[in-house]
Amino acid sequence: MDIEAINSLPYEDFVSIFGNVVERCPIIAAAVWSGRPFPSGAAIEAAINAFIEALPESGKEGILRCHPDLAGKDLQSGTLTPESREEQGAAGLDRMGAAEVSRMTRLNAEYKARFGFPFVVCARMNDRTSIVEQLRERLGNTQAQERARGVEEVKEICRLRLQSLVHSDQKHKS
Ligand SMILES: NC(=O)NC1=NC(=O)NC1=O
């Protein structure tokens, strides 16, 4: 959609289109709708990032907790959101062998037990090797470091999801 069409959406339509740019957190789209009219897609992204940054630590951790594990039970049982399904598939997580899946399951469980929220990384910017490497590395960080890092990854996931929804004015209707 182009930015003019987006700015004229009633909030129900805005939330149904943008409600999952942050995984399973439609409240964020419902909140930033009030900021319209947006001059650009980048302004929508900035409003979402500002909303996230203004949250208390518990709110940031809540956003992280809304994310499905990478190569986790949602992927195995087919209950991922369409966006997550596509992202996890793009990183090759749906083509892992049993041994790789059980290693990811163990590392995800270790991470969750240590930090109280899941390991979050932008799958589209990674592949299964780099994801396992990061998961191992980041296990050694502090809670504060991982809360901040996870939020940065959520913003990157959101940026890419927004890119597929907001198109700059097209010279011609493609
Ligand atoms: N725990 C996660 O990082 N989940 C995800 N990252 C993505 O990019 N898509 C997901 O589902």
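Residues numbered from 1 in each chain as written. Predicted model: local features only at pLDDT ≥ 70, side-chain atom pairs only at ≥ 80, totals over all residues. Heavy atoms only, no water.

(A) Expanded view of the domain arrangement of the chain. According to the domain assignment, the chain consists of domain 1 (3–55 + 166–173) and domain 2 (63–161). The interface is formed by 13 residues belonging to domain 1 together with 17 residues belonging to domain 2. Across the domain 1/domain 2 interface, buried area totals approximately 1300 Å², and carbon plus sulfur atoms make up 60% of it. By the criterion of area lost to domain 2, the three top residues of domain 1 are Val-21, Glu-23 and Arg-24, representing 44% of everything that side buries. Here Lys-155 and Glu-53 are joined by a salt bridge, their closest N and O atoms 2.7 Å apart. The interface formed by domain 1 and domain 2 contains seven residue pairs in polar contact (both at pLDDT 80 or more). Among the elements that line the side of domain 1 that touches domain 2, the one with the most residues is helix 4 (residues 41–54), at five residues. Tallied by class, residues from the side of domain 1 that touches domain 2 come to seven nonpolar, two polar and four charged. (Domains from an automatic or database assignment. Contact = heavy atoms within 4.5 Å. Buried area = accessible area lost by both parts, 1.4 Å probe. Salt bridge = Lys/Arg side-chain N within 4 Å of Asp/Glu carboxyl O. Polar contact = N/O pair within 3.5 Å; in protein donor to acceptor, adjacent residues only side chain to side chain. Helix = DSSP H or I, 4+ residues; strand = E, 2+ residues; numbered from the N terminus. Nonpolar A, V, L, I, M, F, W, Y, C, P; charged D, E, K, R; others polar.)

(B) Geometry of the side chain of Gln-88. Within the secondary structure, Gln-88 sits in helix 7 (residues 82–90). For Gln-88, a relative accessible area of 2% translates into the label buried. Ignoring sequence-local partners within four residues, the contact set of Gln-88 consists of Pro-68, Asp-69, Leu-70, Ala-71, Leu-75, Leu-80, Leu-93, Asp-94 and Ala-123. (Buried < 20%, exposed > 50% of the residue type's maximum accessible area, 1.4 Å probe, protein only.)

(C) Quick look at the pattern of salt bridges. Summed over all chains, the structure comprises 18 salt bridges. The shortest N-O distance in the salt bridge between Asp-74 and Arg-24 comes to 3.9 Å. Residue Asp-74 is located in helix 6 (residues 73–77), and its partner Arg-24 is located in the loop between helix 2 (11–18) and helix 3 (26–32); the two are separated by 50 residues in the primary sequence. The salt bridge partner of Arg-159 is Glu-156, with a shortest N-O separation of 2.5 Å. With a gap of three residues between them, Arg-159 and Glu-156 both fall in helix 10 (residues 143–163), about one helical turn apart.

(D) Fine view of the packing of aromatic side chains. For the structure on display, the rule yields seven aromatic pairs. Here Phe-14 and Phe-38 contribute two aromatic rings whose centre-to-centre distance is 6.3 Å and whose plane-to-plane angle is 20°, an arrangement assigned as stacked. A residue pair is termed long-range when its members are at least 10 positions apart, and Phe-14 in helix 2 and Phe-38 in the loop between helix 3 and helix 4 qualify at 24 residues. Grouping residues by exposure puts Phe-14 and Phe-38 together as buried. (Phe/Tyr/Trp six-rings, centres within 6.5 Å; stacked < 30°, edge-to-face > 60°.)

(E) Inspection of the site of the ligand at higher detail. Residues in close proximity to the ligand include Pro-68, Leu-70, Ser-84, Glu-87, Gln-88, Phe-119, Val-120, Val-121, Cys-122, Ala-123 and Ile-157, which together make up its full environment. Separating an oxygen atom of the ligand from a side-chain N or O atom of Ser-84 is a distance of 2.9 Å. Here a nitrogen atom of the ligand and a backbone polar atom of Phe-119 are 2.9 Å apart. With the chains in place, 100% of the 290 Å² that the ligand exposes on its own is no longer accessible. Broken down by element, the shell around the ligand gets its largest block of residues, three residues, from helix 7. A per-class count over the shell around the ligand returns eight nonpolar, two polar and one charged. (Near = heavy atom within 4 Å. Areas by Shrake-Rupley, 256 points an atom, 1.4 Å probe, with all protein chains shown as cover.)

(F) Structural detail: the packing of helix 8 (residues 98–115) against helix 9 (residues 128–138). Contact pair helix 8 / helix 9: the axes reach a minimum separation of 10 Å and the direction vectors enclose 30°. Here helix 8 lies roughly parallel to helix 9, going by the angle between them. The way helix 8 lies across helix 9 gives a crossing that is left-handed. Two secondary-structure elements touch here, helix 8 through Glu-100, Arg-103, Met-104, Leu-107, Asn-108, Tyr-111 and Phe-115 and helix 9 through Arg-128, Ile-131, Val-132, Leu-135, Arg-136 and Arg-138. When its residues are assigned to classes, the contact of helix 8 with helix 9 shows seven nonpolar, one polar and five charged. (Axes fitted to C-alpha atoms, helices over the stretch in contact; angles between N-to-C directions. Parallel < 35°, antiparallel > 145°, perpendicular 65-115°, else oblique. Left-handed = near helix turned anticlockwise from the far one by under 90°.)

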